[in-house]
Amino acid sequence: MIQDIGENIFRNEFALHRAPAASDRVIVYRAGEMACTAENNTIAFPQVCELPEKYAEKLIYLFEVEGEGFFLLLADEDTVPELPEKYTFGSIRKIRSTDPVPQKYLFAGFTAHHLAEWYLSSRFCGRCGAENVRDESERAMLCPKCGKKVYPRIDPAVIVGVVSGDKLLITRYRTGFAHNALVAGFTEIGESLEATVSREVMEETGIKVENIRYYKSQPWGIAANILAGFFCEAEEGCTIHMDENELKYAEWLGRDEIVLQPYDHSLTNEMMKLFKNIGRGVLDR
């Protein structure tokens, strides 16, 4: 999955005043896109030494990946730095589809996208409207007028592998992502993750479930999510009644019938692959 870059490689400790090294990477972020290069069919982000010096004071430290620091530069149409011609702006979805992408850079891009959108949406206090400043002691935006703190937004959601006999419930979204998927949805106020599983499966497919088993989680910065994967069983005798507003496809497929997604980035794909390999054994993991 996208976060599988090895232990002790990703370090996200807060550091407000970390000085950038010349070789550190910069996520130059503008209108939902980031500057990158695709030389030799691989992706890389600009280094600090490739930016005009006047932008150094605008850099926001994000995290470290494999000893390499990553900084954020929030740009708009009037403040885009001059970069070497090899760099162009592209969406994180475009970067995701470039193959091969070094795993650490793909993960860094996803996580930087998450933080960039949070910084942009947290410029002003939601309580009094004053302009926020970056907190000195932790990753938060602080209102100097009323004292309200805002932390990075992380939305919990579930991915659900529903099993019936030797088949898995496979779906496809009506719009957006075109490949096979599993039932998924966001956790609502006052709801446990297990309750989210039951509700989302019922809403999207009309299936009642039991024997809910937690599998694994995944950060998904492209949508500011933390995804929790579950396997469960369909109650006997349930019939699919698909929500046609959200899905265009929902069917029971056997192990040999499941077509995986083209990339090994997502928790959804890992769960589908696991079922292809061991079938109902996923319920015992």
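Please refer to the structure higher up on the page.
Keep in mind the model is a prediction, meaning the values are calculated, not measured.

Caption draft 1: Up close: the overall build of the protein chain. Per the secondary structure count, the protein chain includes four helices and 15 strands. Along the first, second and third principal axes, the C-alpha atoms of the protein chain reach 65 × 50 × 35 Å. Each of the 285 residues in the protein chain was classed as buried or not, and the buried ones make up 46%. Taking the contacts inside the protein chain whose residues are at least 6 apart along the sequence as the reference set, 64% of them involve residues at least 24 apart. Within the structure as shown, the protein chain displays about 14400 Å² of accessible surface, and the carbon and sulfur contribution to it stands at 46%. Side-chain charges of the protein chain comprise 32 positive and 44 negative groups, with the mean position of each set lying 1 Å from the other.

Caption draft 2: Focus on the packing of aromatic side chains. As enumerated under the stated definition, the model contains 10 aromatic pairs in all. Between F45 and Y105 the ring centres are 6.1 Å apart and the planes differ by 85 degrees, which places this aromatic pair in the edge-to-face class. Of this pair, F45 sits in the loop between strand 3 (33-36) and strand 4 (60-65) while Y105 sits in helix 2 (residues 103-121), and the two are 60 residues apart along the sequence. F45 sits in the buried class, given a relative accessible area of 0%. Linked through ring pairs, F10, F45, F63, F70, Y105 and F107 together constitute an aromatic cluster. Sitting above the plane of the F89 ring, R30 keeps its charged end 4.0 Å from the centroid. Sitting above the plane of the Y249 ring, R172 keeps its charged end 4.3 Å from the centroid.

Caption draft 3: Region of the structure containing the side chain of T196. Secondary-structure assignment places T196 in helix 3 (residues 193-205). If near-sequence neighbours (up to four positions away) are discounted, T196 is found in contact with V158, G185, F186, T187, E188 and E191.

Caption draft 4: Just helix 2, in detail. Over its 19 residues, helix 2 runs 27 Å from end to end, which matches the ideal 27 Å to within 8%, given 1.5 Å per residue. In terms of burial, helix 2 is a largely internal element, 15 of the 19 residues being buried.

Caption draft 5: Layout of the environment of G237. Summarising the element assignment, G237 is placed in the loop between strand 14 (225-234) and strand 15 (247-254). On the basis of relative accessibility, which here comes to 71%, the residue G237 falls in the exposed class.

Caption draft 6: A look at empty space enclosed by the protein. Evaluated as defined, the whole model comprises one cavity of 30 Å³ or more. In this model, the largest cavity occupies a volume close to 80 Å³. Lining the largest cavity, in full, are F14, A15, L16, I60, Y61, W118, Y119, R134, D135, E138, R139 and A140. Contributions of two or more residues to the lining of the largest cavity are made by strand 4 and helix 2. The residue inventory of the lining of the largest cavity, partitioned by class, reads eight nonpolar, no polar and four charged.

Caption draft 7: Structural context of the pairing of strand 13 (residues 209-220). Note: strand 13 against strand 14, nine bridges, orientation antiparallel. Along strand 14, the bridge assignment pairs K216 with G229. From the end of strand 13 to the start of strand 14, which pair antiparallel, there are four residues, and A224 there has a positive phi angle of about 60 degrees.

Caption draft 8: Geometry of the layout of surface pockets. Considered as a void within the structure, the largest pocket measures approximately 810 Å³ in volume. Taken together, 28 residues make up the lining of the largest pocket; nearest its centre are R93, R96, Y173, F177 and W220. Elements that contribute at least two residues to the lining of the largest pocket include exactly helix 1 (92-96), strand 10 (155-164), strand 12 (183-186), strand 13 and strand 14. For the lining of the largest pocket, the leading source of residues is strand 12, giving three residues.

Caption draft 9: Region of interest: unusual backbone geometry. Residue A31 is not a glycine yet carries a positive backbone phi of 50 degrees. Tracing the backbone through its elements, the reader meets A31 in the loop between strand 2 (25-30) and strand 3. Even without being glycine, E66 reaches a positive phi, approximately 50 degrees. Position of E66 relative to the elements: it lies in the loop between strand 4 and strand 5 (68-74).

Caption draft 10: How the structure looks around the sheet that holds strand 6 (residues 88-91). Read from one edge of the open sheet, six strands run 1-4-5-2-3-6, paired in mixed fashion. Looking along the sheet, the strands with just one partner apiece sit at the ends: strand 1 (10-11) and strand 6. Two elements, strand 4 and strand 5, share five bridges in a ladder whose sense is antiparallel. Pairing of F63 across the sheet is with F70, part of strand 5.

The rules behind the values
- Residues numbered from 1 in each chain as written.
- Predicted model: local features only at pLDDT ≥ 70, side-chain atom pairs only at ≥ 80, totals over all residues.
- Heavy atoms only, no water.
- Helix = DSSP H or I, 4+ residues; strand = E, 2+ residues; numbered from the N terminus.
- Buried < 20%, exposed > 50% of the residue type's maximum accessible area, 1.4 Å probe, protein only.
- Contact = heavy atoms within 4.5 Å.
- Areas by Shrake-Rupley, 256 points an atom, 1.4 Å probe, with all protein chains shown as cover.
- Lys, Arg positive; Asp, Glu negative; His and termini not counted.
- Charge placed at Lys NZ, Arg CZ, Asp CG, Glu CD.
- Phe/Tyr/Trp six-rings, centres within 6.5 Å; stacked < 30°, edge-to-face > 60°.
- Lys NZ or Arg CZ within 6 Å of the ring centre and 35° of its normal.
- Expected span 1.5 Å × (residues − 1).
- 1 Å grid on protein atoms, 1.4 Å probe; cavity = no way out; pocket = protein on both sides within 12 Å on 5 of 7 lines; lining within 4 Å.
- Points joined across faces, edges and corners; volume = space filled by probe spheres on them.
- Nonpolar A, V, L, I, M, F, W, Y, C, P; charged D, E, K, R; others polar.
- Pairing = 2+ DSSP bridges.

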